[in-house]
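One letter stands for each residue in the lines below.
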Amino acid sequence: MAKRMLSRWGQWYSRVFAVECDHSTDPLYFALSKTPQERHYDERQAFYEKLFEGAKCYSVHVCTDDRFQRALLYEALKNNVIPRLPTGCSVLDAFSFHPDVSNSLFRGFFIKDATNLPETAPILGELVKNSGMSVCTYVREENSQRWWQHLLSEAEDGSAAATEKYYVVPSEIPHRHPSTLNIMGNDVFYNFEDAYKVMEQCKDIIPVSEELLKLVGPNLTQKKEGRFPVIVIEGLDATGKTTLTHSLTTTLDATLLRSPPTCLSPWRPCFDSEPALLRRAFYALGNYITASQIAAASRHSPVIVDRYWHSTAAYAIATATSGKVGNLPSPGSEVYRWPCDLLRPDLVLLLTVSPEERLRRLSVRGVEKTREEAELEANHLFRNKVEQAYKRVEDPACVVVDANPPPDQVLQQVLLLIKDKCHL
Ligand SMILES: Nc1ncnc2c1ncn2[C@@H]1O[C@H](COP(=O)(O)OP(=O)(O)OP(=O)(O)O)[C@@H](O)[C@H]1O
Ligand SMILES: Cc1cn([C@H]2C[C@H](O)[C@@H](COP(=O)(O)O)O2)c(=O)[nH]c1=O
């Protein structure tokens, strides 16, 4: 068993680890070393104090290369294991990764058990039986001020035993925040086939996926042949998209479409409660269905679209990126690129309103909210990240519209933009 473990985690010691202490500061980063570090004694002690705080500490990471298994295991860990830990434990988000290497991220948790409760170790120890999880404990070296990370595996008698140990050494802040390393292909899909593949894998656990796949078909056509312009209206909730798309549709005698399309509405609550990989594949496929509707409608009239790819990318990127707005992938990053096979609109307008005006509009409306909308309301930081991500999506980039004025003024402003940018 221990042998299998070693080959499985052969690269373990070359990884870097991050522990997210709070969302306004940088995580604590550490690497592993087979030999003790002699220099920077004081810095190291201060680092250990912050990381371990005198508690008995553990970490669990979901370590499998299969993105589907990874998504399900992480959700199971978060929802079924972490809540069973005694209340005295504090649980922090943790990452294991290769600095700045895309798709190298393993997500997990760092657990601080301040009173070293007897229930904690068995709950976490059980996880070593799962080949997709890595469980570690952190142990102070006897007669020294150094700390070890003990990597656990299943012993002959089924218990959890330390098979490998490495010194914990503070590490530099990487260029890219670890939470952003797996965005491409896990949170955002850049072609139809990739999102379709995820939906096919869902069939066993979400029976409605089969119906959705039938509706989409493996080769959805969405080539734009029509001569009429396609105008997308984007923005956070309650920025006035519905109001504007309706008035624009009437004024321009246009066809109004939305993403996700109405035919997907019955399945949306189901996918909204699934792990990010599955939820994002659902929204991605929604865009391709909307694209095929746009392709057909633009032969006969201008088309107005309420949300499209910018929303799919912006919400996914902002949700995946933890902490500060500054942790978002930099402008120009490939995560903001348009999918190679998705119909491009002629114009994308991003409605922006002040936080106060948006809250006023939300309170007037008072309708049921999705989980993400509720989060947006509670979380200024998340809202800022979504808005920044919107502004960074490229080719086509969005044109920002001040949507604070009354509806008729917003409409006039937008009509001028359309006249200027589209052939009508
Ligand atoms: N320009 C405006 N000035 C004042 N109130 C507005 C304006 N535009 C819309 N509203 C009001 O704000 C509320 C939200 O507007 P609307 O439903 O159009 O936003 P939305 O962006 O479509 O929201 P969601 O994305 O959540 O569906 C509604 O009560 C609407 O009447
Ligand atoms: C299109 C789209 C939407 N979402 C999420 C973001 C918001 O929480 C809601 C808003 O949807 P509404 O129909 O406009 O009320 O849905 C998303 O995550 N990804 C998407 O592609």
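Cut-offs applied
- Every chain is numbered independently, its residues counted from 1 as its sequence is written.
- Here every chain gets a letter starting at A, and every ligand a number starting at 1, in the order they are written.
- Per-residue local features of the predicted model are confined to residues with pLDDT of at least 70, and side-chain atom pairs are confined, for both listing and counting, to 80 or more; whole-chain, interface and lining totals are unaffected and use all residues.
- UniProt positions are given in the numbering used here, feature names are shortened, and annotations may be inferred rather than shown by experiment.
- To qualify as a helix, a DSSP run of H or I must reach at least 4 residues; to qualify as a strand, a run of E must reach at least 2; elements of each kind are numbered from the N terminus.
- Buried means a residue has 20 or more other C-beta atoms within 10 Å of its own C-beta, exposed means 12 or fewer, and partly exposed covers the counts in between; C-beta atoms are placed from the backbone.
- For every residue pair, C-beta atoms are placed from the backbone, and the pair is scored as a contact if these atoms sit within 7 Å.
- Working convention: axes come from line fits to C-alpha atoms, limited for helices to the stretch in contact. Angles between N-to-C directions cover 0 to 180 degrees.
- Reported orientations rely on four angle classes, namely roughly parallel under 35 degrees, roughly antiparallel over 145, roughly perpendicular from 65 to 115, and oblique for the rest.
- Polar here means any residue outside two lists: the nonpolar Ala, Val, Leu, Ile, Met, Phe, Trp, Tyr, Cys and Pro, and the charged Asp, Glu, Lys and Arg; Gly therefore counts as polar.
- Only buried residues count toward a nonpolar core: Ala, Val, Leu, Ile, Met, Phe, Trp, Tyr and Cys, linked into one set through C-beta atoms within 7 Å.
- Multiplying 1.5 Å by the residue count of a helix minus one yields the expected span of that helix.
- This arc is built from the directions going out from the helix axis to the C-beta atoms.
- A pair of strands counts as paired when DSSP detects no fewer than two bridges linking them.
- Start and end points for every domain follow an automatic or database-based domain assignment.
- Whether a residue is near a molecule or strand depends on its C-beta atom, generated from backbone atoms, being within 6 Å of that molecule or strand.

If you check an unreviewed UniProt entry, the chain appears there as UMP-CMP kinase 2, mitochondrial from Albula goreensis. Checking UniProt for the chain, the heading Subcellular location (unreviewed entry) contains the comment "Mitochondrion". Annotation of the chain in UniProt includes, under Sequence similarities (unreviewed entry), the sentence "Belongs to the thymidylate kinase family."

## Considering the overall build of the chain
The helix and strand inventory of the chain stands at 14 helices and 13 strands. With the C-alpha coordinates aligned to their principal axes, the bounding extent of the chain is approximately 80 × 45 × 35 Å. Buried positions account for 41% of the 424 residues belonging to the chain. Restricting to contacts in the chain with at least 6 residues of sequence separation, those with at least 24 account for 76%.

## Focus: the packing of helix H3 (residues 67-81) against helix H9 (residues 276-297)
Each packed pair of helices is defined by two parameters, the angle between the axes and the distance between the axes. Between H3 and H9, the least distance of the axes is 8 Å, while the angle of their chain directions is 120°. If you check the angle between H3 and H9, you find them oblique. Of the residues in H9, those touching H3 at Arg 67, Phe 68 and Ala 71 are Ala 276, Leu 277 and Leu 278. Across the contact of H3 with H9, the residue classes break down as five nonpolar, no polar and one charged.

## A look at the nonpolar core
Val 135, Ala 281, Leu 285 and Ile 317 are the most contacted members of the largest nonpolar core, which totals 110 residues. For this core, the element with the most residues is H9, which contributes 12 residues. In this structure, Leu 285 is in contact with Ala 195, Tyr 196, Met 199, Leu 212 and Val 216, ignoring residues within four places of it in sequence.

## Quick word on helix H7 (residues 241-252)
The end-to-end C-alpha distance of H7 is 16 Å, a good match for the 16 Å that 12 residues give at a rise of 1.5 Å each. Residues of H7 that are buried include every one of Lys 241, Leu 244, Thr 245 and Leu 248, and no others. The arc that holds the buried residues of H7, viewed along the axis, is 95°, so those residues lie on one side. Packing partners of the buried residues in H7 comprise strand E9 (230-235), strand E10 (255-258), strand E11 (303-306), strand E12 (347-352) and helix H14 (407-421). Taken from the residues just after H7, Asp 253 is the one with a positive phi, measuring 55°.

## Here we look at the sheet that holds strand E13 (residues 399-402)
Taking strand neighbours across the sheet as the criterion, the five strands line up as E10-E11-E9-E12-E13 in an open arrangement whose pairing is parallel. Every interior strand has two partners, whereas the edge strands, E10 and E13, have only one. Geometrically, the sheet is characterised by an average inter-axis angle of 25° between neighbouring strands, direction not taken into account. Summarising the sheet, E12 and E13 pair through four bridges and their orientation is parallel. Note on E13: the bridge partner recorded for Leu 351 is Val 401.

## A closer look at the domain arrangement of the chain
Each domain of the chain was delimited in the assignment, giving domain 1 (2-179) and domain 2 (192-421). Computed from C-alpha atoms alone, the centre-to-centre distance between domain 1 and domain 2 is 37 Å. Every contact between the two is made by 12 residues of domain 1 and, on the other side, 13 residues of domain 2. Per element, the largest residue contribution to the side of domain 1 that touches domain 2 is six residues, and it comes from H3.

## Overview of the sheet that holds strand E1 (residues 16-20)
Overall, antiparallel pairing links the eight strands, which are arranged E1-E2-E8-E7-E6-E3-E5-E4 in a closed barrel. Between one strand axis and the next, the sheet turns through 35° on average, direction left out of account. With six bridges joining them, strand E3 (residues 56-62) and strand E5 (residues 106-113) adopt antiparallel strand pairing. When the sheet's bridge partners are listed, Lys 56 is paired in E5 with Asp 113. Most of the contacts of H3 go to E3, to which it runs at about 150°, and overall it touches E3, E5 and strand E6 (133-140).

## A closer look at the site of ligand 1
Taken together, 15 residues lie around ligand 1, and Asp 237, Gly 240, Lys 241, Thr 242 and Arg 361 are the ones closest in. Looking at the shell around ligand 1, the elements with two or more residues in it are H7, helix H11 (355-365) and H14. Among the residues making up the shell around ligand 1, the classes are represented as six nonpolar, five polar and four charged.

## With respect to the pairing of strand E2 (residues 28-33)
By the bridge criterion, four bridges tie E1 to E2 in an arrangement that is antiparallel. Among the inter-strand pairings, Ala 18 is bridged to a residue of E2, identified as Tyr 29. Alignment of E2 against strand E8 (residues 160-170), held across four bridges, turns out to be antiparallel. Note on E8: the bridge partner recorded for Ser 33 is Tyr 167.

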